[in-house]
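Observations on the three-dimensional arrangement
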Amino acid sequence: MNTIHYPIDNAHSSTTEELCKQLNSNTPEGLLTKEVEKRCQLFGKNIVEQKKKKNLLLIFLSQFVNPMVYMLLTAAALSFFFREWLEGIAIIAVIIINAIIGFLMELQAERSMDALRRMTQTNAKVIRDNILTEIPSAEIVPGDILYIEAGDIIPSDARVFNVSQFHVNESALTGESMPVEKQDRILNKGISLAERINMIYKGTFVISGNAKAIVTGTGMNTEIGKIASMVQMAEQAVTPLEKKLEEFSKKLIKITVALVIVIFIAGILYGDPVIEMLKTSIALAVAAIPEGLPIVATLALAQGMVKMAKHNVIVKKLESVETLGGTNVICTDKTGTLTQNIIEVTTIVTSEGRLEIKLNTLLRRCDFPLDDHVSKSGGYQTIKKIAVLCNTSELVFKNKLIEEVGDPLETGLLKFAYCNDVDIVPFRKQFPKIKEEPFSSETRIMATLHQSNEQYFVVAKGAVEELIKRCSLLLAKDEIITLDQTTKTKWIHEAEKLAASGLRMIGTAYKDAEESTTELTSNLIFVGLIGMLDPPREDVFEAIRQCKSAGIKVVMITGDHPATAKNIASKLGISGSDDEVVIHGDEMNDYENLSSEEKQKWSNSTIFARVSPKQKLDLVSVLQENKYVVGMTGDGVNDAPALKKADIGIAMGLRGTQVAQEVSSMILKDDSFGSIVLAIKQGRIIFENIRKFVVFLLSCNITELLIVSIASIFNLHFGLFALQILYINIVTDVLPALALGVTKGSDSIMLLPPRNSNDPIINRQRWISIFVYSLVIMACTIGAVVFSHFTIHKSEPWNPEVCNNILFITLILCQVLHTLNMSTDNTKPFFKTDVFTNKYVWFAIFSCIMLTLGTYLVPPVANVLSLYPPSRQDLTIICGFSLLSLIINQVLKRIKLIL
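Residues numbered from 1 in each chain as written. Predicted model: local features only at pLDDT ≥ 70, side-chain atom pairs only at ≥ 80, totals over all residues. Heavy atoms only, no water.

**What to know about the nonpolar core**
In terms of nonpolar packing, the biggest core is built from 114 residues, with Met-666, Phe-673 and Phe-693 touching the most fellow members. The element contributing the most residues to this core is helix 23 (residues 673–713), with 19 residues. Membership of the second largest hydrophobic core comes to 37 residues, among which are Val-388, Cys-390, Phe-416 and Phe-431. (Core = buried A, V, L, I, M, F, W, Y, C linked by side-chain atoms within 4.5 Å. Buried < 20%, exposed > 50% of the residue type's maximum accessible area, 1.4 Å probe, protein only. Helix = DSSP H or I, 4+ residues; strand = E, 2+ residues; numbered from the N terminus.)

See below:
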């Protein structure tokens, strides 16, 4: 191996040939596989070192930065001040236990996010062994030859050549918001980075055009690697849900403090000892705090993200999981999302007539009708030529299998040519490409200039109605004739008729030219039409039916012909009726100029055709203005603004550009519409599960508040100690809440209308339910004590120890069984609800009961908690009243007094 000079200094002042020598590379063929393996070991991965992960000690200490912890610390300090050493130590122990649980959960959530980040790695196209192939960008090495096109995020620093209208957004590196046109020129050594128009840099992205480039810097030897702080991710912001939960906690603390003051003053007025009232106050403070609430909520969101990732949906932001549940309109592209994205040529139309064909790529065969005469015409042969040359995609043959690299429409054209006995690579070498005007959403045309010996010619393809405007001549039966307006109209009508049957139609054209030709798309010779079929995905029909049942509106937005769009929308059941009007992009005014009637029309429509990226952005704005929560799909670089504007931006994982994936909230690994619906369903389930454990935790804590308050106000002979409440919270809070967080969800969740995004987690009806639950559990718990005294112990005076033990165990059992009240589907029998059939709920219930029994078997713990084994009669009463609380609450749920 020749010596490799790396890292490269002043690559911008060197020619491509000089760089190839320095890097021991080859521009036409790229690096050899064996050479790549050596360079991987020598230079390492093409990754920028991320900022150091948060120190484990800092993660642990951050668990103490919480208003609820501050209140517990205050309670502990008061206990120590009044020499209640045991209670003070117990409160500190609980704080530490909660911190450990929070630490472990945050660690698990961070590992889940790391797993998601590994799933979202980007790929890059490189030429190796003279073959264009796609690899993870981390595997790029110095000397690699890149092929980069619109929508790509540039994976490394590189020197460009073979440039075609290549514009790059370098704002992430230079701060310059305007795209920079790149050119293959030799520059002076001393110029600034922003002026190096022959260089591209890692982390920037391509706006338009395409180019090849030789890699001059990877990993930390890139410009952005040298200033790695620019690409370090910002700290994770607090999600809206966490803010809402923190608000709950603060409200509870305020209520508790007020209650403590009232009861403390009342006790002093009654003549109760200050120490006893202090103990009551501490017990109230401890009872009010649902310590595990924020932790469990964050973990539920993180676990939900991992679960969705297993179903081909990568959700990049925690808050997006919350938004998913409230999505009520999905704006989706047609190609590859609603359809299979397996595009094949089925129809060719030339001046000689229409030809229906059937391709077989395995046998390399194209079947024609018996009476075929079109395939022998000059028009058909010219279309084959255009299909190969006006094309940037590749077919790679590996072990008799064909790997498609590039846009599915273009690979479909290559398969058509391949089945018609065109050898693609030699054919392209025979007619080398000199210049290119890439396809754009504005022109909807692509054109390339090629050399044939000493002559030059242009080939073009694109939307029929756009391309035919640029044509002045027509290839008719091997003759070239004038193309008048009447004939143009006939061709457009023919295209519309075929589009109405569901075909995707593109026009083809060519012309002879000079090497110096600048206008590639003027005065063209029209050749004919290519009809391509992209059948609907099989799972889309059911997914759209689910959307309609769930009150989610589906809007199809496509760049295709309106007739094609309407045909597919009708087949899939998106459109409400056959008479539904398709809104054409030409009819859509800018957002600033829209009347209220036009905005309403947009909001009511479900099919948009020939729509530009700017119009997509305007549509999102109109829908959001009408209070819709919008999910928007996109794959191109020009879709990025609409994806960012939408409440949920959904990028395609297979055909989506890296820029689209970067700005989106969600990535579909399989590009399937069914995956979007699955994600919305999971989003609803996750949010519903969060509601379940919030209701559960709050009702348990309010029950404890009520018991302590009533015991104090009415000066009862029994009550709960602070240590006992701490223990109850540890036993009944964490495990059942975690189990509720992984409930599979109700079968009817997609039959409900979308949640209003402005609705609080706990609305008025749920607050009523929480207080009813708490009152029932409190009544049954105190009822067990009273019933035991007046039946089993009626001949004895009130025994505070016995009463306290009955109160303690009954409350634990009531709260543990209360987990089964958290089902939201009351139409199913109790034994078939989502909560009852959740194995994790039963594991939590069993574990809580075992932990409670265990306290009696460990004398030191029993002594600290002042526990004594109850008699069999008392145990029967405890179990009976615990079951009674469950039965009463279930009856109230079934008659719909509570949720």
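**Describing the sheet that holds strand 9 (residues 329–332)**
Strand pairs in the sheet, formed through backbone hydrogen bonds, run parallel or antiparallel to each other. Read from one edge to the other, the open sheet built from eight strands follows the order 8-28-27-26-9-23-25-24, with strand pairing classed as mixed. The open sheet has two edge strands, strand 8 (313–315) and strand 24 (583–584), and neither has a second partner. (Pairing = 2+ DSSP bridges.)

**Some words on the packing of aromatic side chains**
Scanning all chains against the criterion turns up 16 aromatic pairs. A ring pair is formed by Tyr-727 and Phe-808, whose centres lie 6.1 Å apart and whose planes are at 35°; its orientation type is tilted. Here the residue Tyr-727 occupies a position in helix 24 (residues 722–740), and Phe-808 occupies one in helix 26 (residues 800–818), the gap between them amounting to 81 residues. Ring plane angle 90° and centroid distance 5.2 Å describe the contact between Phe-831 and Phe-836, whose orientation is recorded as edge-to-face. Judged by relative accessible area, Phe-831 falls into the exposed class, the value being 59%. Feature note: the residues Phe-830, Phe-831, Phe-836 and Trp-842 constitute an aromatic cluster, connected by ring pairs. Here the guanidinium or amino end of Lys-385 rests over the ring plane of Phe-431, the centre of that ring lying 4.8 Å away. Lys-385 extends its terminal NZ or CZ atom over the ring of Phe-457, reaching a point 4.4 Å from the ring centre. (Phe/Tyr/Trp six-rings, centres within 6.5 Å; stacked < 30°, edge-to-face > 60°. Lys NZ or Arg CZ within 6 Å of the ring centre and 35° of its normal.)

**So, unusual backbone geometry**
A negative phi holds for most residues other than glycine; trans holds for most peptide bonds. Positive phi is not limited to glycine here, since Asn-24 has a value of about 50°. Secondary-structure assignment places Asn-24 in the loop between helix 1 (16–23) and helix 2 (33–43). Since its relative accessible area comes to 24%, Asn-24 is described here as partly exposed.

**A closer look at helix 17 (residues 540–549)**
For helix 17, the set of buried residues is Val-540, Ala-543, Ile-544 and Cys-547. Viewed end-on, helix 17 has its buried residues packed into an arc of 95°, placing them on one side of the element. Those residues of helix 17 that are buried are in contact with strand 9, strand 23 (553–558), helix 18 (562–572) and helix 23. (Arc of directions from axis to C-beta. Contact = heavy atoms within 4.5 Å.)

**Things to note about the packing of helix 25 (residues 764–791) against helix 26**
At their nearest, the axes of helix 25 and helix 26 sit 9 Å apart, and the two run at 145° to each other. The crossing of helix 25 and helix 26 is right-handed. Taking contact as the criterion, the partners of Tyr-773, Ile-777, Cys-780, Thr-781, Ile-782, Ala-784, Val-785 and Ser-788 in helix 25 are, on helix 26, Cys-803, Ile-806, Leu-807, Thr-810, Leu-811, Cys-814 and His-818. For the contact of helix 25 with helix 26, a count of residues per class yields 11 nonpolar, four polar and no charged. (Axes fitted to C-alpha atoms, helices over the stretch in contact; angles between N-to-C directions. Left-handed = near helix turned anticlockwise from the far one by under 90°. Nonpolar A, V, L, I, M, F, W, Y, C, P; charged D, E, K, R; others polar.)

**A closer look at the confidence of the model for the protein chain**
Taken residue by residue, the protein chain gives an average pLDDT of 84. The fraction at 70 or more is 91%. In the model, residues 229–237 has pLDDT below 50 throughout and makes 10 contacts with residues more than four positions away in sequence or in other chains. (pLDDT = per-residue confidence, 0-100.)

**Here we look at helix 19 (residues 596–604)**
Those residues of helix 19 that sit buried are Lys-599, Trp-602 and Ser-603. Buried residues along helix 19 cover an arc of 100° about the axis, so they all sit on one side. Along helix 19, the residues that are exposed and aim more than 90 degrees away from the buried face are Glu-597 and Asn-604. Here the buried face of helix 19 lies against strand 23, strand 24, strand 25 (607–609) and helix 20 (613–625).

**Regarding the pattern of salt bridges**
A full pass over the atoms with the stated rule returns 25 salt bridges. Of the charged contacts in the structure, one is a salt bridge between Lys-461 and Glu-410, with a shortest N-O distance of 2.9 Å. Of this pair, Lys-461 sits in strand 18 (residues 455–462) while Glu-410 sits in helix 13 (residues 408–419), placing them 51 residues apart in sequence. For the pair Lys-461 and Glu-410, one class covers both residues: buried. Each of Arg-444, Glu-465, Glu-466, Lys-469 and Arg-610 takes part in one network of salt bridges that share partners. (Salt bridge = Lys/Arg side-chain N within 4 Å of Asp/Glu carboxyl O.)

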